[in-house]
Amino acid sequence: DLVVALDVSQSMLAEDISPNRLERAKQLINRLIDRLAGDRIALIVFAGNAYVQLPPTTDYSAARLLLKTVSPDIVPAQGTAIGQAIEVATQLFADTSAATQNNNAAKTKALLLLTDGEDHESGLNEALNQAKQQQIKLYAIGVGTTQGAPIPVYVNGQRYSLKQDENGQTVNTALNDHALRNLVAQADDGQYFALNDGSGDEITDLLRSLNKLEKSNFEEVAVTE
């Protein structure tokens, strides 16, 4: 079971990586879906709050379709509630384990957290403790650069200006690499990857790590109308 938690806050529109942070994160998820074979995947989106966009499924076409619709507009409250995203993912894993009565589920839980790491909300430590109790392996993927970039503002789909603070200064948002590495250090057997314009192939490294997790069997019934 693989749960992907995707940051859709406005800072993910920054263009310090091409075409922007959110699109690069979505590209990585699509490449991951292309290489899945029989693994269940779920999608959570979060900004000021976290929501389940797609429950665990092997319907990869549905996953790609819903991923296309993801943007900052689908979450009403802005912010970066990483703690709540982890909490929602933990509950999703618990619900899935109960539904399938899978005794081996604890060995097969992986949470992919794609974010620029600007955590503006509380409750992170409590969420991490809950994830540890379920033996969820956390993969934090830092999206962006530590140099950062301004945040574009869009009106009716058109680029309008750059986000400014209360003093009229252009806001610069940077990848909080340090915070994400600390997050992984606190997690149960976590791992950190950087997603930027470097030459590394993040998806290969990620899949190599995921394939080391112990697998378990489950049965799924698919109905097509």
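Position numbers for residues count from 1 along each chain, tracking the sequence in the order it is written. Predicted model: local features are reported for residues with pLDDT of at least 70 only, side-chain atom pairs are reported and counted for 80 or more only, and whole-chain, interface and lining totals are derived from all residues. As a rule here, side-chain values come from all non-hydrogen atoms in the structure, and water together with hydrogens is ignored.

Novice: What's the story with the packing of aromatic side chains in this structure? I'm lost.
Specialist: We describe a pair of aromatic rings using the distance from one ring centre to the other and the angle between the two ring planes. When the centres of two rings from Phe, Tyr and Trp lie within 6.5 Å, Trp using its six-membered ring, the rings pair. Their planes under 30 degrees apart give stacked, over 60 give edge-to-face, and anything left gives tilted. Considering all chains together, one arrives at 1 aromatic pair under this definition. Relative to F193, the ring of Y139 lies with its centre 6.4 Å away and its plane at 20 degrees, an arrangement referred to as stacked. Residue Y139 is located in strand 5 (residues 137-143), and its partner F193 is located in strand 10 (residues 191-195); the two are separated by 54 residues in the primary sequence. Classification of residues uses two cut-offs on accessible area relative to the type maximum, computed with a 1.4 Å probe and protein chains only: under 20% is buried, over 50% is exposed, and between them is partly exposed. Y139 gets classed as buried once you look at its relative accessible area, which sits at 0%. Secondary structure is summarised from DSSP: a helix means a run of H or I of at least four residues, a strand means a run of E of at least two, and numbering begins at the N terminus for each.

Novice: Could you clarify how one ought to interpret the packing of helix 1 (residues 21-34) against helix 6 (residues 202-210) in this entry?
Specialist: Any two packed helices are characterised by how steeply their axes cross, that is the angle between the axes, and by the distance between the axes. Between helix 1 and helix 6, whose axes approach to 11 Å, the crossing angle comes to 50 degrees. Put simply, helix 1 runs oblique to helix 6. In the packing of helix 1 onto helix 6, the handedness of the crossing is right-handed. On the side of helix 1, the interface is formed by L28, R31 and L32, while helix 6 contributes I203, L207 and L210. Under the convention adopted here, Pro, Cys and the residues Ala, Val, Leu, Ile, Met, Phe, Trp and Tyr are nonpolar, Asp, Glu, Lys and Arg are charged, and Gly plus all remaining residues are polar. Here the contact of helix 1 with helix 6 is built from residues that sort into 5 nonpolar, no polar and 1 charged. Structural elements are reduced to axes, namely lines fitted to C-alpha atoms, with helices fitted over the stretch in contact, and the angle between N-to-C directions of any two is expressed from 0 to 180 degrees. Every angle not falling under 35 degrees, over 145, or within 65 to 115 is termed oblique; those three ranges are roughly parallel, roughly antiparallel and roughly perpendicular. Helix crossings get a hand from a simple test, with the near helix turned counterclockwise from the far one by less than a right angle marking a left-handed crossing and a clockwise turn marking a right-handed one. When checking whether two residues touch, look at their non-hydrogen atoms; a contact exists if any pair is within 4.5 Å.

Novice: In this structure, what is going on with the pairing of strand 1 (residues 2-7)? I would like to understand it.
Specialist: Working note: regular strand, side chains alternate between the two faces of the sheet. The element strand 1 is extensively covered by neighbouring structure, given that 6 of its 6 residues are classed as buried. Every second residue of strand 1 is oriented toward a common face, with L2, V4 and L6 on one face and V3, A5 and D7 on the other, all of them buried. Note on handedness: a crossover is taken as right-handed if, strands pointing away from the viewer, the path from the first strand over the helix to the second is clockwise. For the segment spanning strand 1, helix 1 and strand 2 (residues 41-46), crossover handedness is right-handed.

Novice: Is there a simple way to explain the sheet that holds strand 5 in this structure?
Specialist: Strand pairing is assigned whenever DSSP detects at least two bridges linking the two strands. Read from one edge of the open sheet, 6 strands run 3-2-1-4-5-10, paired in mixed fashion. Looking at which strands have only one partner, the edges of the open sheet turn out to be strand 3 (50-57) and strand 10. Direction aside, the axes of adjacent strands within the sheet are offset by 15 degrees on average. Bridge analysis of strand 1 against strand 4 (residues 110-115) gives 5 bridges, and the strand direction is parallel. If you follow A5 over to strand 4, its bridge partner there is L113. The strands touched by helix 1 within the sheet are strand 1, strand 2, strand 4, strand 5 and strand 10, with strand 1 carrying the most contacts at an inclination of about 165 degrees. In this fold helix 5 (residues 177-186) packs onto strand 4, strand 5 and strand 10, with an angle of close to 155 degrees to the strand it touches most, strand 10.

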